[in-house]
Amino acid sequence: MEYDVVIVGSGPAGLFAADRLAKEDYNVLVIDERRSAGGSGTLTDGKLVYHPKVTMDLDELKISEKRARMFMDYIDDKFLEYGADPSVGNGDKASLDKIIERSSEYNVDFIVGKQRHMGTDNTPKIIRKFKEDLESKGIEFKLGTKVDSISKDGNIYVKTDAETIECKYLIMGPGRSGAYWMRDQAEKLDIKHKWGAIDVGVRVELAASTFDPITDVSYDAKFHYNTLCHGDKVRTFCVNPHGFVTAEPKQNAIEYRDRSLRPVNGHSFKRKKSDNTNFAILSTITMTEPYADTTELGRNMVVSAYRAGGWKPLVQRWGDLKRGSRSKIETFLDPHRGFDRVIPTMSLDKITPGDLNLAYYGRFVDNIKEFIEVLDNIVPGTAHPSTLLYAPEVKFYDTKYATIGSTLETNVENIFVTGDGAGKSRGIVGAGLTGILAAESIINKK
Ligand SMILES: Cc1cc2nc3c(=O)[nH]c(=O)nc-3n(C[C@H](O)[C@H](O)[C@H](O)COP(=O)(O)OP(=O)(O)OC[C@H]3O[C@@H](n4cnc5c(N)ncnc54)[C@H](O)[C@@H]3O)c2cc1C
């Protein structure tokens, strides 16, 4: 046997799995197709939110809140050890209580958990230290190497274009970029899986001064709401105070004909600041029958938004959406409409002013519109005409795997699934936690 454990993916799920196994006597290899470790995590500004309702789903993981908190404390200590900023992104309790109270008047759940911000400029250094520490403890890395396929015949065989590696246990943590690759493998290996919920939404960008009263006390402000129009869950996600709107990494692109379509996202630096704040509004939808393929639906939304944007991301002013007209380049910065209040941080030649109603199915647009108006009661100015809505923002963590109890072991013995790609997490802390869970399950098999 070459390795006891092979981990596919060096994102937070893979790194925390390796970290837990490094404390025991295992031969561990981490493989990643990227040239540097860290997964999507290293490309992000690394907002760490420690709350059992955020970036994880305890029902899906089948663990208690107490156990989740124990893992979260461990993850926090690790990031601090490797250089994360120790200051906490929450303000005083009285201010937070006021926001909670105001939110509850509008049936919005304002979620307060411990938060830290590593920053796009610092996250890669922190992850580099993490990796070096793992190497010093005997964990091996094979980077710049894509795993092509997995097979099992007693032991497990991990095939790359150069070799086939044999191992006893496999932890798959390929993230959103590898979610479909993993599903293909699952189909071949008879690993049970099904469609889950999908998040489709927009990246909102508004004047930072509007959101400062909130983000000054809760950096990554989490508002959760169920819409009256459709009864769907909507939430704010990935808030970037004084940040920048960007395209997702190319690994997360949707390939369509000869085009590579990258959903939008956002990030913020520790030092460089813009005058705007951005965040996602995500609308979560589960489908049953006759059309249950949430992946295809998500792809359709990405393609449709790009098509409506002339093969660029589409952007619309709230003022235009509200009165039912598309946004146009001629009026995009019109001061008479109040549009000059927010200058987009994504350069205008990379986006197309257009119409969200031509990009997304009505249900998503209804949910987004209702939530913006509700938020405007809690954070006045959210529904200012100048507020920008970028599309597509779609999160592909929609394949769910049946796993045994809280072990994250699939129905195929010794194969474990972790992180966002397996629909087990939705962020760095949650992904890290699933890595620890899978590693502990392997250790418990001894
Ligand atoms: C722009 C952006 C900003 C974000 N900001 C935040 C934030 O502030 N806070 C937060 O909590 N979350 C944030 N996220 C989400 C966060 O990065 C993810 O939730 C987290 O990284 C998921 O971890 P993971 O280990 O499941 O997968 P990933 O981090 O995606 O890692 C998976 C790894 O597997 C590799 N892989 C895939 N397929 C294969 C294969 N076949 N062979 C070999 N390697 C493979 C990939 O190359 C990748 O490196 C952000 C994401 C993006 C894209």
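1. A word on the overall build of the protein
And then number 1: Of the regular secondary structure elements, the protein holds eleven helices and 23 strands.
And then number 2: The C-alpha atoms of the protein give 22 Å as radius of gyration, which agrees with the globular expectation for 446 residues (22 Å, within 12%).
And then number 3: C-alpha extents for the protein along the principal axes are approximately 70 × 50 × 35 Å.
And then number 4: Relative to its 446 residues, the protein shows a buried fraction of 61%.
And then number 5: The contacts in the protein between residues at least 6 apart in sequence include a share of 76% that link residues at least 24 apart.
And then number 6: Element-wise, carbon and sulfur atoms account for 48% of the exposed surface of the protein, whose accessible area totals about 17700 Å².

2. Considering the site of the ligand
And then number 1: Taken together, 37 residues form the shell around the ligand, and within it D32, S40, K47, D420 and I428 come nearest.
And then number 2: One nitrogen or oxygen atom from the main chain of K47 is found 2.9 Å from a nitrogen atom belonging to the ligand.
And then number 3: Here the ligand, which alone exposes 1000 Å², has 97% of that area covered by the protein.
And then number 4: For the shell around the ligand, the residue count by class is ten nonpolar, 17 polar and ten charged.
And then number 5: Inspection of the shell around the ligand shows a minimum of three residues originating in each of domain 1 (3-84 + 122-194 + 400-444) and domain 2 (197-395).

3. Concerning the sheet that holds strand β13 (residues 233-240)
And then number 1: Spatially, the eight strands line up as an open sheet ordered β4-β12-β13-β18-β11-β21-β19-β20, and their pairing is mixed. The open sheet terminates on both sides in strands that have one partner only, identified here as β4 (109-111) and β20 (352-353).
And then number 2: In the sheet, strand β11 (residues 198-207) pairs with strand β21 (residues 388-395) via six bridges, with the strands oriented antiparallel. Among the inter-strand pairings, V200 is bridged to a residue of β21, identified as V394.
And then number 3: Here helix α8 (residues 294-308) sits on the sheet and contacts β11, β18 (276-285), β19 (314-317) and β21; the angle it forms with β21, its principal contact strand, is near 150°.

4. Details of helix α1 (residues 12-21)
And then number 1: Counting buried positions along α1 yields ten of ten residues, so the element is predominantly enclosed.
And then number 2: For α1, the set of buried residues is P12, A13, G14, L15, F16, A17, A18, D19, R20 and L21.

5. Re the side chain of D232
And then number 1: Position of D232 relative to the elements: it lies in the loop between β12 (222-226) and β13.
And then number 2: Given the relative accessible area of 7%, D232 is considered buried.
And then number 3: A polar atom in the side chain of D232 sits 2.7 Å from the side chain of R363.

6. Overview of helix α4 (residues 93-105)
And then number 1: Taking 1.5 Å of rise per residue, the 13 residues of α4 would be expected to cover 18 Å, and the 18 Å separating its terminal C-alpha atoms lies within 8% of that figure.
And then number 2: Turning to α4, its buried residues number three or more, namely L96, I99 and S103. Across the axial projection of α4, the buried residues extend over an arc of 60°, all falling on one side. In α4, the exposed residues that point more than 90 degrees away from the buried face are K93, A94, K98, E101 and E105.
And then number 3: Check the buried side of α4 and you find it contacts β4, α7 (208-215), β12 and α10 (362-378).
And then number 4: Looking one or two residues beyond α4, the residue adopting positive phi is N107, at roughly 60°.

7. Looking at the environment of A383
And then number 1: Relative to the helices and strands, A383 resides in the loop between α10 and β21.
And then number 2: As for A383 and F371, which are separated by twelve residues in sequence, their C-alpha atoms are 9.9 Å apart.
And then number 3: Other than its neighbours up to four places away in sequence, A383 contacts W318, I372 and D376.

8. Overview of the nonpolar core
And then number 1: Counting residues in each nonpolar core, the largest one holds 49 residues, and the members touching the most others are V202, F223, I281, L356 and Y360.
And then number 2: With eight residues, α10 is the largest single contributor of residues to this core.
And then number 3: With 45 residues, the next largest nonpolar core counts A22, V28, A37 and L58 among its residues.

9. What to know about the pattern of salt bridges
And then number 1: Considering all chains together, one arrives at 29 salt bridges under this definition.
And then number 2: Among the ionic pairs, D19 bridges to K78, the shortest N-O distance being 3.3 Å. With D19 in helix α1 and K78 in helix α3 (residues 65-81), this residue pair connects regions lying 59 residues apart in the sequence.
And then number 3: Two residues, E24 and R20, come together in a salt bridge whose shortest N-O distance is 3.4 Å.
And then number 4: Salt bridges sharing partners connect three or more residues here, namely R20, E24, R67, E440 and K446.

10. Notes on the domain arrangement of the protein
And then number 1: Its domain assignment divides the protein into domain 1 (3-84 + 122-194 + 400-444) and domain 2 (197-395).
And then number 2: Between domain 1 and domain 2, the C-alpha centre-to-centre distance is 29 Å.
And then number 3: Contacts between the two partners involve 15 residues from domain 1, matched on the other side by 21 residues from domain 2.
And then number 4: Note on domain 1 versus domain 2: buried area summed over both sides is about 1500 Å², and carbon and sulfur give 51% of it.
And then number 5: Considering only the surface of domain 1 that becomes buried against domain 2, K47, R176 and R426 emerge as the three largest contributors, covering 40% of it.
And then number 6: For the pair domain 1 and domain 2, the number of links is four residue pairs in polar contact (both at pLDDT 80 or more).
And then number 7: Among the secondary structure elements, those contributing two or more residues to the side of domain 1 that touches domain 2 are β3 (47-50) and α6 (179-189).

Rules of the game
Residues numbered from 1 in each chain as written. Predicted model: local features only at pLDDT ≥ 70, side-chain atom pairs only at ≥ 80, totals over all residues. Heavy atoms only, no water. Helix = DSSP H or I, 4+ residues; strand = E, 2+ residues; numbered from the N terminus. Rg over C-alpha atoms; globule rule 2.2 N^0.38 Å. Buried < 20%, exposed > 50% of the residue type's maximum accessible area, 1.4 Å probe, protein only. Contact = heavy atoms within 4.5 Å. Areas by Shrake-Rupley, 256 points an atom, 1.4 Å probe, with all protein chains shown as cover. Near = heavy atom within 4 Å. Polar contact = N/O pair within 3.5 Å; in protein donor to acceptor, adjacent residues only side chain to side chain. Nonpolar A, V, L, I, M, F, W, Y, C, P; charged D, E, K, R; others polar. Domains from an automatic or database assignment. Pairing = 2+ DSSP bridges. Axes fitted to C-alpha atoms, helices over the stretch in contact; angles between N-to-C directions. Expected span 1.5 Å × (residues − 1). Arc of directions from axis to C-beta. Core = buried A, V, L, I, M, F, W, Y, C linked by side-chain atoms within 4.5 Å. Salt bridge = Lys/Arg side-chain N within 4 Å of Asp/Glu carboxyl O. Buried area = accessible area lost by both parts, 1.4 Å probe.

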